[in-house]
Amino acid sequence: MKADPKGVLTGAHFLDGDHACCEGALAAGCRCAFGYPITPSTEVVERISRRFPMVGGVFLQMEDEIGSSIAIQGAAWGGKKVMTVSSGPGISLMMEHIGLAAMTETPCVFVNVQRGGPSTGLPTLTGQADMMQARWGSHGDYETIAICPNSPQECFDLAIDAFNLAEQYRIPVMFMMDESVGHMTERVVIPEADEIDIVERRYTKKPPSDDYELYALEDDNPFVPPMPPVGEGYRFHVTGLTHDDKGYPAMDAQTQQKLIRRIVDKIRLNADAIAKYEEYQTEDADIILVAYGITSRVVIRTMEMAREKGLKVGVFRPVIVWPFPETRLKELMDQTKAFVVAELNYGQVVLEVERLVAGRAKVVLAGHGGGDIHDPKEILRLVEEVAK
Amino acid sequence: MSKETNKEMNPVEPYLRMDRMPHIWCSGCGIGIVVNCFVRALQKSKVDINKLAVVSGIGCTGRIAGYFKVDSFHTTHGRPIPFATGLKTARPDMNVWVFSGEGDLVSIGGNHFIHAARRNADLKVICVNNFTYAMTGGQVGPTAPLHSIATTAPYGTYDQPFNLPFLAESSGAVYVARWTTFHVRQLVKSMQEIKNKPGFSFLEVIAPCPTIYQRRNRLGDGLAGMRYYKERSKVVNGADTRNVDIKLGGDIIVGKFIDRDRPTQLEAMDQELSHKLGDKYVPYPTGVER
Ligand code: SF4
């Protein structure tokens, strides 16, 4: 299906990442959002509150992030494509409902414009230290999808992917911007609506009946059950408790294992289909810089400087960080002496790289506490050391 | 004999998930009475059951959503109101009811409660108040009468309890009533009244929890609870909500206290936006016919 032209601001614009994210959501068909102000994400909801009333949408500012993160789920079951927007402290408050969305398989998008943490940290300055939280911040066992745009253009383009993936897999998608990307203004080209692919909600084809099973699989899709429309007589029950196919609570180990296995597998076993990454000069590289979000732009500079010095350095950039593009990284591993992982934290995604590489190549962290981006020269020094 | 008359069916059955019976509630518990009253209210008002949703939080009362055979949502602790706000916003044509306990709605969920009332979210909120956290074994609740005993107040509570009708009224609810589970007729009538009333309607139902609250406070069984409600309830319709707080073993003022009108959250939004944006505004449905 193609985007509804009503929400698509076709043309070339100068937008910051926060504003571009709002336009991406609109293009994706989001007409319902709930939020609470927090720096550096506030501009997203400010633009939403200006734009939505003109396209038949609705934005409600809630009393807090806890309310926002569950109001979107009521609206999602009500048939809307939904999102909420926040930053570290607010995202921490939303964690319980990210778990609820995972457990009830509610399609929704959580935008996190990352800032320095922990706690109140650096409200106005950048960070990338919420990556592990994005993966498993809520209690219990589940998988999410986490997308890391590195430009305002991508805040638009990938926001559409975020909504599409949320519908396709019925999960909370974490849209992991950072303050640098959120507040950076660049040219953003918004295509014609008929050039934008939209994944519509998949509704059950079964008629309402007493035997209707809320979580029964259909259409040969072995992972993701379709949803029922609300208000049409299905009279279904949704619960955050462990539930059977009917949607009824079932407090036993068997039901738990069946449900959680599927919730986890629908992402893990589709990791290759979900994977999205970019590579620069990896063909002959024996040292590969791994970075995501704003840092993936910094390491390009490092790569250029290293190449000038005759070092064979490339860049591997996971665009979707969770699930990690594992298959491709393993392929690169065979040709690579070392991976240098640059991120604005003191070691999160590097742990995943270490796990995959499992000692078969060197893995080095170029860590940074946040508040600023890396100096590409600092990363270069590490590269030179590794190259020795 | 025709097939229909062969099988005797309780008239409440079409509204309940009979495949989930027996329910989890104790004998003598007041929650079942609330369920029953709601079914009666629905039967009497010939509502389109498909266009009605029930949302609950966590706790003994939170299990209500699981037993009503409607689109139903058993959410997280304290959050049924914001979930319901989202559902109602997405589907203004739906009739959205929240059933939960006092711990859920006004302790952990207190912030959502006051703000939804302030905005006049178009929700029907039924609070079953049994003065304790029953599901977790009887800890002190936000409405527990002073000096009552709880597992976390073994010598008696010393925190001032909330007076819920006063809280609801001062936060902006358009309809506020309190009944006990003894007042089934009035309860059904209140439910019928709020069914079609736009805005934030609040109904407090004082209910016995014989297993936990009454046992610990030596207040007898379920029947003793009902006897207490019968003897010590005073119907004062239109009572000043400042004066309806509940003391341990004291009188319980019941009645319809508030019934007023103001625009719902979506109506207010619609009015403001159409006024300010004019033709640029694409009207959003409010679900209210006035
Ligand atoms: S513990 Fe109390 S509130 Fe819970 S079901 Fe039993 S009687 Fe009812």
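Residues numbered from 1 in each chain as written. Chains lettered and ligands numbered in written order. Predicted model: local features only at pLDDT ≥ 70, side-chain atom pairs only at ≥ 80, totals over all residues.

## Let's talk about the overall build of chain A
Then step 1. Looking only at helices and strands, one finds 13 helices and 16 strands in chain A.
Then step 2. For 388 residues, the compact-globule formula gives about 21 Å, and the C-alpha radius of gyration of chain A, at 21 Å, lands near that figure.
Then step 3. Here the C-alpha coordinates of chain A stretch approximately 70 × 50 × 40 Å along the principal axes.
Then step 4. Counting all 388 residues of chain A, 57% fall into the buried class.
Then step 5. Nonlocal contacts in chain A, meaning residues at least 24 apart in sequence, comprise 77% of its contacts between residues at least 6 apart. (Helix = DSSP H or I, 4+ residues; strand = E, 2+ residues; numbered from the N terminus. Rg over C-alpha atoms; globule rule 2.2 N^0.38 Å. Buried ≥ 20, exposed ≤ 12 C-beta atoms within 10 Å, placed from the backbone. Contact = placed C-beta atoms within 7 Å.)

## Looking at the sheet that holds strand E13 (residues 313-318) of chain A
Residue and element names in this part refer to chain A.
Then step 1. The strand order across the open sheet formed by 5 strands is E11-E13-E12-E15-E16, and the pairing between neighbours is mixed. Either end of the sheet is taken by a strand with one partner, and the two such strands are strand E11 (277-280) and strand E16 (362-366). Sheet twist, expressed as the mean angle between neighbouring strand axes with direction ignored, is 20 degrees.
Then step 2. Where strand E12 (residues 287-290) lies against E13, 4 bridges are found, and the strand directions are parallel. Paired with Ile287 across the strands is Val313, a residue of E13.
Then step 3. The strands touched by helix H13 (residues 376-387) are E12, E13, strand E15 (338-342) and E16; relative to E15, the strand with the most contacts, the crossing angle is about 165 degrees. (Pairing = 2+ DSSP bridges. Axes fitted to C-alpha atoms, helices over the stretch in contact; angles between N-to-C directions.)

## Side note on the domain arrangement of chain A
Residues and elements named next belong to chain A.
Then step 1. Examined at the domain level, chain A breaks down into domain 1 (5-195) and domain 2 (279-387).
Then step 2. Each of domain 1 and domain 2 was reduced to a C-alpha centroid, and the two centroids are 27 Å apart.
Then step 3. With 22 residues of domain 1 in contact, the opposing surface of domain 2 contributes 20 residues.
Then step 4. When contributions to the side of domain 1 that touches domain 2 are tallied by element, the ones reaching two or more residues are strand E6 (122-126), helix H5 (131-136), strand E7 (145-147), strand E8 (172-178) and helix H7 (179-183).
Then step 5. Ranked by residues supplied to the side of domain 1 that touches domain 2, first place goes to H5 with 4 residues.
Then step 6. Along the lines of polarity and charge, the residues of the side of domain 1 that touches domain 2 split into 12 nonpolar, 7 polar and 3 charged. (Domains from an automatic or database assignment. Nonpolar A, V, L, I, M, F, W, Y, C, P; charged D, E, K, R; others polar.)

## Some points on the packing of helix H11 (residues 326-333) of chain A against helix H12 (residues 349-357) of chain A
Residues and elements named next belong to chain A.
Then step 1. It is at 10 Å that the axes of H11 and H12 come closest, and there the two elements cross at 60 degrees. With respect to H12, the axis of H11 lies oblique. You can see that H11 and H12 cross each other, and the crossing is right-handed. Across from Glu326, Leu329, Lys330 and Met333 in H11, the residues of H12 making contact are Val353, Leu356 and Val357.
Then step 2. The residue inventory of the contact of H11 with H12, partitioned by class, reads 5 nonpolar, no polar and 2 charged. (Parallel < 35°, antiparallel > 145°, perpendicular 65-115°, else oblique. Left-handed = near helix turned anticlockwise from the far one by under 90°.)

## Looking at the site of the ligand
Residue and element names in this part refer to chain B.
Then step 1. Contacts to the ligand come from Trp25, Cys26, Cys29, Ile31, Cys60, Asn130, Ala134, Cys209, Pro210, Thr211 and Ile212.
Then step 2. Of the residues forming the shell around the ligand, the biggest block, 3 residues, is contributed by helix H9 (residues 210-216).
Then step 3. By residue class, the composition of the shell around the ligand is 9 nonpolar, 2 polar and no charged. (Near = placed C-beta within 6 Å.)

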